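# Descriptive structure summary
For reference, the chains in residue letters:
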Amino acid sequence: MKQDKAGRPFRIGPTWIAAIACLAAPGCGLVAPEPRFRTNEAYLINQEIKQGDLEQSDRTVLRRNLKNLMVAAFGTPNEPHVPELEGIDAKQLFDPAKLAIAAGPVASDRFGAPKGLYREHCAHCHGITGDGNGSTAAFLNPYPRDYRRGLFKFKSTPGAEPPTHDDLLRVMTNGVPGTAMPSFRLLNGDEIDALIHYVRYLAIRGQVERALIEYSFQGELDLVEATRETLSEPESAAFVKSEIVAVATRWRQTETLATTVPSPPADFESAASIERGRSLFFGPIASCVKCHGETALGDGTTTDYDEWAKELMPNEPDKLARFLDRGAALEPRTIRPRNLRLNVFRGGRRPVDLYWRLHNGILASGMPAASMRSDGAGDDDPRLAPDDLWHLVAYVRSLPYDALSSPRDAVSYQRERP
Amino acid sequence: MIETRPRSRADAIPPQGDGSWPRSRSAWPARLSACVVAATFPLIWVGGLVTTYDAGMAVEDWPGTYGYNLFLYPWTTWWAGPFDLFIEHGHRLLGALVGVLTIGLAAVTFACDPRASARGAAVGALVLVCLQGGLGGLRVLLDARALAMAHGCVGPAFLAYAVAMSVHLVPSRARTGSCESGRSGAGRVPLTGPAPERAPLKTAALATAFVYLQLILGAYIRHIPVDASVNAFRFAVLFHLALAVVVFAYALALAWSLRRARSGLRLLAASLGAATVAQPGLGAAVWVVKYGWPFGLSETYAIAGSTIVANSFWQAMTVTAHVAIGSAILGISTAITAVLARRSGWGAAAVVEPWTVVGGAAR
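Cut-offs applied
Residues numbered from 1 in each chain as written. Chains lettered and ligands numbered in written order. Predicted model: local features only at pLDDT ≥ 70, side-chain atom pairs only at ≥ 80, totals over all residues. Heavy atoms only, no water. Contact = heavy atoms within 4.5 Å. Buried area = accessible area lost by both parts, 1.4 Å probe. Salt bridge = Lys/Arg side-chain N within 4 Å of Asp/Glu carboxyl O. Polar contact = N/O pair within 3.5 Å; in protein donor to acceptor, adjacent residues only side chain to side chain. Helix = DSSP H or I, 4+ residues; strand = E, 2+ residues; numbered from the N terminus. Nonpolar A, V, L, I, M, F, W, Y, C, P; charged D, E, K, R; others polar. 1 Å grid on protein atoms, 1.4 Å probe; cavity = no way out; pocket = protein on both sides within 12 Å on 5 of 7 lines; lining within 4 Å. Points joined across faces, edges and corners; volume = space filled by probe spheres on them. Domains from an automatic or database assignment. Axes fitted to C-alpha atoms, helices over the stretch in contact; angles between N-to-C directions. Parallel < 35°, antiparallel > 145°, perpendicular 65-115°, else oblique. Left-handed = near helix turned anticlockwise from the far one by under 90°. Patch = residues over 30% accessible without salt bridge, like charges linked within 9 Å, V, L, I, M, F, W, Y side chains within 5 Å. Areas by Shrake-Rupley, 256 points an atom, 1.4 Å probe, with all protein chains shown as cover. Buried < 20%, exposed > 50% of the residue type's maximum accessible area, 1.4 Å probe, protein only. Phe/Tyr/Trp six-rings, centres within 6.5 Å; stacked < 30°, edge-to-face > 60°. Lys NZ or Arg CZ within 6 Å of the ring centre and 35° of its normal.

## Overview of the interface of chain B and chain A
Each partner contributes residues to the interface: chain B has 49 residues there, and chain A has 56 residues. Between chain B and chain A, a total of about 4,200 Å² is buried, with carbon and sulfur atoms accounting for 65% of that surface. Where chain B packs against chain A, one counts two salt bridges. Here R346(A) ties to E299(B) by a salt bridge, and the two come within 3.3 Å at their closest N and O atoms. Seen at the junction of chain B and chain A, the total is 10 residue pairs in polar contact (both at pLDDT 80 or more). When residues of the side of chain B that touches chain A are traced back to their parent elements, those giving at least two are α3 (83–112), α5 (145–169), α6 (198–222), α7 (230–257) and α8 (263–291) of chain B. With eight residues, α6(B) is the largest single contributor of residues to the side of chain B that touches chain A. Looking at the side of chain B that touches chain A residue by residue, the class counts come to 31 nonpolar, eight polar and 10 charged.

Structure below.
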């Protein structure tokens with residue numbers, strides 16, 4: 001055995017291991033390739049499960065062709081671009097100048113004008129592709145938003161309509177309290193604007209990618225047999241472009257779809273208003289109690305999944321395993337209805353914010369839109385009138401100040417003295 | 001009496017006829033070395049601030065600043081300019097100061113300290129500071145985040161090296177003097193003394209190694225590639241947490257074992273204990289200001305409404321303080337290790353003065 005100078009036997013002990021690790025660690029990972037957009041692996045698996053599995057070689061070809069089409073249409077994370085779209089003022093959706101500010105590596109010039117804002121502020125959670133699968137995502141609850149479906153929670157538009165520019169601006173400026181989504185109020189307006197354009201770009205890119213995957217599995221676009229030459233033909237480009245136009249049109253039109261909020265009734269937030277809201281909360285039409293629970297602590301139904309998780313088929317373990325084994329998604333979590341007594345509402349606590357949440361629902365997370373009366377319907381219509389929504393808002397806003405120690409139907413467990 | 005063979009000819013300068021030595025070692029290398037340490041710590045702090053604000057590319061050229069020589073960049077533009085530019089250019093200036101001090105240290109060491117080990121250490125410091133400057137420059141020229149990580153790892157390593165070198169260069173009591181005259185100094189706290197038990201030295205060395213590994217992990221987490229996988233970050237964070245427990249245990253054990261040491265060492269141990277106790281709290285605070293409250297705490301009434309503010313002052317300060325305190329822990333544990341090593345006779349010929357080893361004449 002080798003010996004040191006003092007004649008002691010030479011052994012590789014913890015000191016040596018620690019020292020070697022210290023010296024070797026900085027050398028690891030020095031070579032980092034340029035970031036690329038990731039293919040929507042989760043949706044590919046979803047479509048394979050639904051439409052039939054592909055051969056490994058076909059899957060590889062499909063993925064490669066899809067990637068080439070997407071790069072041709074949308075560019076790369078360092079150089080994003082969008083083709084000219086007929087009939088749409090694309091500059092309103094994704095201004096190339098603003099995309100250039102938000103995209104690419106982080107830098108700034110001598111005047112402090114920044115570049116790479118998305119990578120500086122968003123990519124570590126939302127991912128370079130906007131898939132909500134950034135490196136930090138596993139630790140965050142809720143998971144960061146996956147933009148690629150074009151679904152957003154806190155917005156003024158109904159149903160699955162995309163958010164307006166102001167909706168995105170509101171979330172970015174105020175942040176989402178109680179979550180990892182920060183407020184970017186210290187950034188200037190142009191910087192926030194650039195980020196909004198880039199988020200929209202990623203969302204539209206993701207929606208188009210999903211559509212192309214779907215068309216491929218439905219046979220309308222052959223991405224398995226296609227070659228680089230056939231994909232570069234004008235027909236292919238036109239097909240992709242028409243899909244971009246279709247998605248972009250929805251985003252342009254959404255600016256006019258914000259739900260109009262009527263003025264609140266004169267007795268808004270009076271005792272009578274709150275009492276009316278309470279009865280609606282427990283009533284069968286609004287039926288808020290079902291998920292938010294009788295105490296409004298968010299302890300009602302909690303076994304459902306949001307739209308992003310549903311795509312992973314979480315109730316079928318074998319299918320879910322396919323997504324997780326291929327690293328296509330994070331472990332799905334069930335929805336947690338909001339504890340309304342916290343006085344914290346993630347989409348904003350202004351009356352108008354709550355009105356929008358009640359009127360439009362939070363579709364993606366399972367909160368349904370209110371069942372509203374149609375125009376001209378009489379009082380005999382059991383569905384909700386705008387004033388009813390305001391009363392519900394009043395009740396929800398009163399909940400944090402409602403003494404939980406004296407709930408409506410409190411049962412006394414203390415025996416009365418004889 | 002300690003019998004130790006001199007390591008080099010320079011170490012073995014013989015006494016004069018009357019038993020005195022021709023000149024004693026100067027305190028200037030140690031003083032300059034202390035200056036290097038004192039300048040390096042704020043440099044690491046500012047470097048942490050550069051990473052926190054993602055300002056590494058605020059100046060796109062190197063070694064100049066927007067076409068100017070580094071030292072000639074108009075200070076009014078620097079002070080009144082964008083904050084990113086302010087901290088990046090400030091970091092470069094501070095780095096240059098450390099570089100100049102290290103050059104000075106090497107020159108003074110060669111002039112005043114005949115020991116080969118001291119001269120070798122000075123050259124090593126020069127090489128390390130050049131490597132660090134080069135890494136910083138390449139990080140800018142190649143815009144490579146991975147190089148920024150390496151730059152962030154070598155910085156604390158240089159601090160540790162400078163600290164160890166400072167301990168090495170401190171002359172023992174009653175034998176200090178100016179470089180030229182050989183006058184004796186007095187009243188210094190001795191760093192040499194009876195050899196302590198081996199256990200604290202081993203604990204100190206291991207604690208230092210673990211702290212450095214912990215800093216590397218921290219640097220990886222801060223510079224993680226933008227397209228890194230979920231598992232890469234998860235592994236790094238969990239490893240960082242596990243290692244934090246190990247570092248905590250080792251550092252506190254070390255501090256405790258030195259509670260009855262001499263005052264200088266005891267002060268270092270107390271500082272190590274304090275910094276080690278503060279650091280996990282800072283780490284938790286970093287998580288909260290960056291990613292919010294973990295473990296469902298955000299559902300509790302007191303903090304449910306908390307909103308993270310990106311790039312806020314407190315976010316930047318908390319994150320940067322965690323980085324800086326980490327480096328401070330490394331520096332302190334390195335100092336303790338070096339002092340203990342010196343006292344225990346590691347590399348004795350390089351440490352113990354010639355007049356203390358040859359026949360004991362000088363004593």
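From this point on, the discussion continues.
## Thoughts on empty space enclosed by the protein
Residue and element names in this part refer to chain A. The final tally for this structure, using the stated rule, is two cavities of 30 Å³ or more. As a volume, the second largest cavity reaches approximately 30 Å³. In terms of lining residues, the second largest cavity is bounded by L151, F152, K153, K155, G159, A160, G361, I362, L363 and A364. A per-class count over the lining of the second largest cavity returns six nonpolar, two polar and two charged. Each of domain 1 (41–256) and domain 2 (271–302 + 337–414) gives at least three residues to the lining of the second largest cavity.

## Things to note about the packing of α8(B) against helix α9 (residues 313–344) of chain B
A pair of packed helices is captured by two measures, namely the crossing angle of their axes and the spacing between those axes. All names here are of chain B. Interhelical geometry of α8 versus α9 gives an angle of 155° and a closest axis separation of 8 Å. The orientation of α8 with respect to α9, classified from their angle, is roughly antiparallel. Handedness of the crossing formed by α8 with α9: left-handed. When grouped by side-chain class, the residues that make up the contact of α8 with α9 number 18 nonpolar, nine polar and two charged.

## Section: the domain arrangement of chain A
Residues and elements named next belong to chain A. Parsing chain A into structural domains produces domain 1 (41–256) and domain 2 (271–302 + 337–414). Computed over C-alpha atoms only, the centres of domain 1 and domain 2 are separated by 34 Å. Together, the buried faces of domain 1 and domain 2 total about 1,100 Å²; carbon and sulfur atoms form 63% of this surface. Summed over the three residues of domain 1 that lose the most area to domain 2, namely K153, F154 and R170, the buried surface amounts to 40% of that side. Along the contact surface separating domain 1 from domain 2 lie zero salt bridges. The tally of links between domain 1 and domain 2 comes to three residue pairs in polar contact (both at pLDDT 80 or more). The residue makeup of the side of domain 1 that touches domain 2, split by class, is seven nonpolar, six polar and three charged.

## A closer look at a nonpolar patch on the surface
All names here are of chain B. A contiguous nonpolar patch, built from W62, L138, L141 and L142 and spanning about 390 Å² of accessible area, is present on the exposed surface. Within the secondary structure, W62 is located in the loop between α1 (28–52) and α2 (75–80). A residue is classified by how much of its surface remains accessible, and W62, at 34% relative accessible area, is partly exposed.

## Considering the packing of aromatic side chains
All names here are of chain A. According to the stated counting rule, one finds 25 aromatic pairs over all chains in the structure shown. On the basis of an interplanar angle of 50° and a centroid distance of 4.9 Å, the ring pair of Y118 and Y198 is categorised as tilted. Placement of Y118 in helix α6 (residues 117–121) and of Y198 in helix α9 (residues 189–218) is noted, with a sequence separation of 80 residues between them. A relative accessible area of 1% places Y118 in the buried class. Among the aromatic residues, ring-to-ring pairing joins F37, F74, Y118, Y198 and Y201 into one connected group. Here the basic side chain of R145 rests over the ring of W308, its NZ or CZ set 4.1 Å away from the ring centre. Just above the ring of Y143 sits the side chain of R333; from NZ or CZ to the centre is 3.7 Å.

## Observations concerning the side chain of T320(B)
Residue and element names in this part refer to chain B. Considering the arrangement of structural elements, one finds T320 in helix α9. One polar contact links the side chain of T320 to the main-chain carbonyl oxygen of A316, over a distance of 2.6 Å. Apart from the residues lying within four places of it in its own chain, the contact partners of T320 are W45, G48, L49 and T52.

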